[in-house]
Amino acid sequence: MKTLPLLGQFLGRLCWNPYVTADAAGRRLLFQCLWGLYSEHPGNAVERKANQWIRKVLCQLATEGDDDPAQALMKQMGVPPKEYHLKVLRKTVALLQENIGKSCSSLGNINQRCSCDNILATSEACVPLVTCPEAAPLIGALLQQPVTCVRAALSEDFLDALSSAHASQCLSLEEQAVVSLWYHNLPSLEEAVLSLLECALTNSRSIPQKQLEQSLLPKACAQHCSIFLVVNDIFRSILKQAEGKESVKYFIRTFTSCFLRELALQQHQSSVSLKAMFPQSPQRLLLPLLTRPSEMPQEARKHHLHWLSGSLQRLTEEEEEGDGDTSSSTRLERYHRVFEAWFLLVQCAHWVQVAVQLLVTSEPEDCGPLLWLLIFYHHPTNRGHHRALQLVHGREAWDHLHSLFLVSARPLPVDRLQSLVTLLSPQSQQPSLSPLLTLNLLVHFAVFLQQSLSAATEILQTVVDRSGLVDEAECVLSSLELRLNEENCLSSDTKRVHLRIQALLNTVTRMHAASNCADNEAHTLTL
Amino acid sequence: MEAVLKNVASTTELLAVAALSGEVQRWDKQTLSRAVQWARYCEHLFSRFHNNPAIRMLMEKQLQLTNQSLRAAFAGYIEVSFSDLSRCQHLLLVGLLKNPELPISIMKILFDTASPANTQQSECQDVSGFCSHIIQCKSACKVLSPLTDMSAVGVGADAEVQAVMLMERLDALLSQGSEACRTEHILDSVLRGFEGAAGHFCLVIAAALLTKRNSAAQSTSQDFLLDWLQKEQSVLQHMCSALPATLIIDLTKEHLKFRRAYCDLLKKWASDMEYSISEGEWVQPRGNRTVSFNRLTQHFLGLFETCPSLRDDVEKELNALKISDGDFDVGGLSVWGDLLSAVNK
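No experiment lies behind these values; they were computed from the predicted model shown. Every chain begins its residue count from 1, and numbering advances along the sequence as written. As a convention, the first chain written is A and the first ligand written is 1, with the rest following in written order. Under the rules for a predicted model, residues below a pLDDT of 70 receive no local features and side-chain atom pairs below 80 are neither given nor counted, while totals for whole chains, interfaces and linings still include all residues. Derived side-chain values reflect all non-hydrogen atoms in the structure, with water molecules and hydrogen atoms excluded from consideration.

**Here's the deal with the side chain of Thr183(B)**
Residue and element names in this part refer to chain B.
Consideration 1: Within the element layout of this structure, Thr183 appears in helix α8 (residues 180–193).
Consideration 2: Exposed residues in this analysis have more than 50% of their type's maximum accessible area, buried residues have under 20%, and partly exposed residues fall in between, with area computed by a 1.4 Å probe over protein chains only. On the basis of relative accessibility, which here comes to 0%, the residue Thr183 falls in the buried class.
Consideration 3: Two residues qualify as a contact provided that any one of their heavy atoms is within 4.5 Å of a heavy atom in the partner residue. Those residues in contact with Thr183 that sit more than four places away from it in its chain are Leu170, Leu173, Leu174, Ser178 and Phe224. Each helix is a run of H or I in the DSSP string that is no shorter than four residues. Each strand is a run of E no shorter than two, and both are numbered from the N terminus.

Following this line, the structure appears as structure tokens:
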């Protein structure tokens, strides 16, 4: 203030600018400046005067500034000023909302003036009002108006203001308005997707189901194809960066099934083809993968999976055959096709889980295609042609587990358990089989085989404990439970399976709690 | 009842303390909260009892006593009347903000803009941010009002809200069985309050007459208003000359009484007109130039368009008047003749 005395004048002028005082952030900063200028213990006349001025301005802002006739009327009618201003605001919002609702019909004549000119002006005016709850109906109407006229554009500043208010969570809009915002404004959509991912993935133990049910994103994707395409692009890049992290894959799978559920609910209103929703995926795989296992009788699933495995195998072989080709564009194209096929598989990974379930209950001769599918899911790229070797390893693991779980003699063979633990630990030599793959097999063997529960529990407990994969085991069990619940089949076996899963889950959670305790103790000891 | 009167007295004392004493230096957030709650309570009392003359009188008596003692205790004390209780929170706020002894910490609480305001339930609203929210409302209105002018729909939000308030008051007064002259007195004082903003007042009356009424009681109020309007010819005149044509047409469609009054007014305007040779047309006498001959013609045409049945009757009347003037077909001799020819062009 000493160096720029005119600043005080400027501040004073700002106080009376409604575009500054209507916006929450503007108001806050303005008041902060005023408090900054206030001296608690004024030392001289200037400071005293400043204090007086600040008090006067604030008093006037809050209590005066109305035109006299309105004041007199309010007084006679017995209406307090606050209520009056609130009513006028609501009435203004309602009147403006009515105007927005009228869609213009001047499509034919470009020179004809239409009422859509005011939409741009209204959206500009609403820039300072994005945090004002009373203005929410108007903002919602602006976002959701059907875009029939080229003049009915929304101001960029308006969309930016909405986007940043949405990011800092001071926006109070109803659901459909938020969906419209995402539709109009890419940054806000990206922000929403990334924050959902962060929320779902930081908590490694919980399943993203709950967060997804609360999120509006699946519904938004079902309503607007373009939103789903953007979301999928974000998923693709996250997936590429995540390098096979199971939690990311699981999230994508859950999101896609939520999306498909919402889409089914929407179908009677608008029929968007699946091809439009999944334009880059190999078309002949689309419907087979999107069909849910519960929509297929149990006997047909094996055949279906064999077919899927075969198709995917052919696709990858096509890519590999052309390796001799020097043309990089075609190579890229083939790589792209394999990636898209794999991405679709990740989105519909419930089939992979069905494959695992069938694997553990089938004869050794039938394992081939199912094992291939499982390995492809975990290792989509075939760098250095390692897949053949991985298949061999996979087969070995299956044999190992199969014989372990069929052993009825007690106590369990220690060396076999130990070799299993080694399999599950991350191995340095290439090509190694993903420990998660083996863990998945292990858990499914424990659940679905007819062997006694106590033996299965013991095996699972020992192996998981020694290999340290407690979290992952819990995750696999919970997701299996969810999938079976969804399928809702009523065979006599289901009950037994559910009980078994519950028992195993209890064991694993107890282990987790125990290891947490131990961790805490160790932590406190080291402190 | 005694407890209520005591509370009213205490709150009035509270208002005085807030505005005029150094006690406020010791106030904290809790004290402020409680003060606002008491003010809210008084507003609630007002809304419950302002239509109840007996209780109203008791409260007014109590307030008289309290005012007396407070006048003696505080220099510069402004009296609180019963109708002031309707805006008790506002009075408290004004008093506090004008009190130089108010600690800055209290002011900061009132103007706090930190958390997004929860305006769902105004009853359980926290006192923090109280003033901030008022400012937000007022500024938002100012930001949005130019847009409503642009679209030129109806009378404007503030006039509509004021009209609703006016009609509610009239409904309350008339349903109580208040005497007609008392209600008229209130309308007169409202009119006086709009001194200098007669145009806005006309908008309010128009909006009041055009609000959708759902019950018979509510139509009585509009009827009463129309009767008052006929007595207050100056207001009617102003309305018919200043309001946009669309509004006048809506009014004539809705209310038969208005249509008649309007028609009579138009005829009166015409009969007052004299032919000015220098200007070459019919004008109103000097000192009362509200409407031109052209405009008058347009008024008649507008009226005939909305009420075609009226056209025949009025034309007959005009014709009769023209005949009484001598039945000349030359312009400039009879205002009725010229009107007829202008209207039938």
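**Considerations on the interface of chain A and chain B**
Consideration 1: Contacts between chain A and chain B engage 58 residues on the former and 56 residues on the latter.
Consideration 2: Once two parts are brought into contact, the accessible area they lose, counted with a 1.4 Å probe and summed over both, makes up the buried area. For the pair chain A and chain B, the two sides together bury roughly 5,400 Å², of which 70% comes from carbon and sulfur.
Consideration 3: Three residues, Trp35(A), Arg55(A) and Lys82(A), lead the burial of chain A against chain B; their summed loss comes to 13% of the area buried on that side.
Consideration 4: Salt bridge, as applied in this entry: a Lys or Arg side-chain nitrogen positioned within 4 Å of an Asp or Glu carboxyl oxygen. Across the chain A-chain B interface, the total number found is 1 salt bridge.
Consideration 5: A salt bridge links Lys91(A) to Glu160(B); the nearest nitrogen and oxygen atoms lie 3.1 Å apart.
Consideration 6: Under this definition, polar contacts are N or O atom pairs within 3.5 Å; protein pairs additionally need one hydrogen-donor-capable and one acceptor-capable atom, and for neighbouring residues in sequence, both atoms have to be side-chain atoms. At the surface where chain A touches chain B, the tally comes to 7 residue pairs in polar contact (both at pLDDT 80 or more).
Consideration 7: Counting residues per element, the ones that place at least two in the side of chain A that touches chain B are α2 (18–21), α3 (24–37), α4 (45–63), α5 (68–77), α6 (81–101) and α7 (117–125) of chain A.
Consideration 8: Polar here means any residue other than Ala, Val, Leu, Ile, Met, Phe, Trp, Tyr, Cys and Pro, which are nonpolar, and Asp, Glu, Lys and Arg, which are charged; Gly is therefore polar. Split by residue class, the side of chain A that touches chain B holds 35 nonpolar, 12 polar and 11 charged.

**Some details on the pattern of salt bridges**
Consideration 1: As enumerated under the stated definition, the model contains 15 salt bridges over all chains in all.
Consideration 2: As a salt-bridge pair, Arg236(A) and Glu340(A) come within 2.9 Å of each other at their nearest N and O atoms. With Arg236(A) in helix α14 (residues 225–242) and Glu340(A) in helix α19 (residues 328–347), this residue pair connects regions lying 104 residues apart in the sequence.
Consideration 3: Of the residues examined, Glu340(A) reaches a relative accessible area of 1% and is grouped as buried.
Consideration 4: For Glu184(B), the salt bridge identified is with Lys231(B), shortest N-O distance 2.6 Å. Of this pair, Glu184(B) sits in helix α8 while Lys231(B) is found in helix α10 (residues 216–231), placing the two residues 47 residues apart along the sequence.
Consideration 5: A residue is classified by how much of its surface remains accessible, and Lys231(B), at 57% relative accessible area, is exposed.
Consideration 6: Put simply, Asp233(A), Arg236(A) and Glu340(A) are held in one network by salt bridges that share partners.

**A word on the domain arrangement of chain B**
Residue and element names in this part refer to chain B.
Consideration 1: Partitioning chain B into structural domains gives domain 1 (2–117), domain 2 (148–254) and domain 3 (257–345).
Consideration 2: Reported domain spans reflect what an automatic or database domain assignment gives. Placing a centre on the C-alpha atoms of domain 2 and another on those of domain 3 gives a separation of 27 Å.
Consideration 3: Every contact between the two is made by 17 residues of domain 2 and, on the other side, 14 residues of domain 3.
Consideration 4: Counting each side, the surface lost to burial between domain 2 and domain 3 is near 1,500 Å², with a carbon and sulfur contribution of 66%.
Consideration 5: For domain 2, the biggest contributors to the area lost against domain 3 are Gln237, Cys240 and Thr252; these three give 38% of the whole.
Consideration 6: Linking domain 2 to domain 3 there are 2 salt bridges.
Consideration 7: A salt bridge links Asp227 to Lys257, with the shortest nitrogen-to-oxygen separation between them at 2.8 Å.
Consideration 8: Remark: the boundary between domain 2 and domain 3 carries 5 residue pairs in polar contact (both at pLDDT 80 or more).
Consideration 9: Of all the secondary structure elements, the ones that give two or more residues to the side of domain 2 that touches domain 3 are α10, α11 (233–242) and α12 (245–254).

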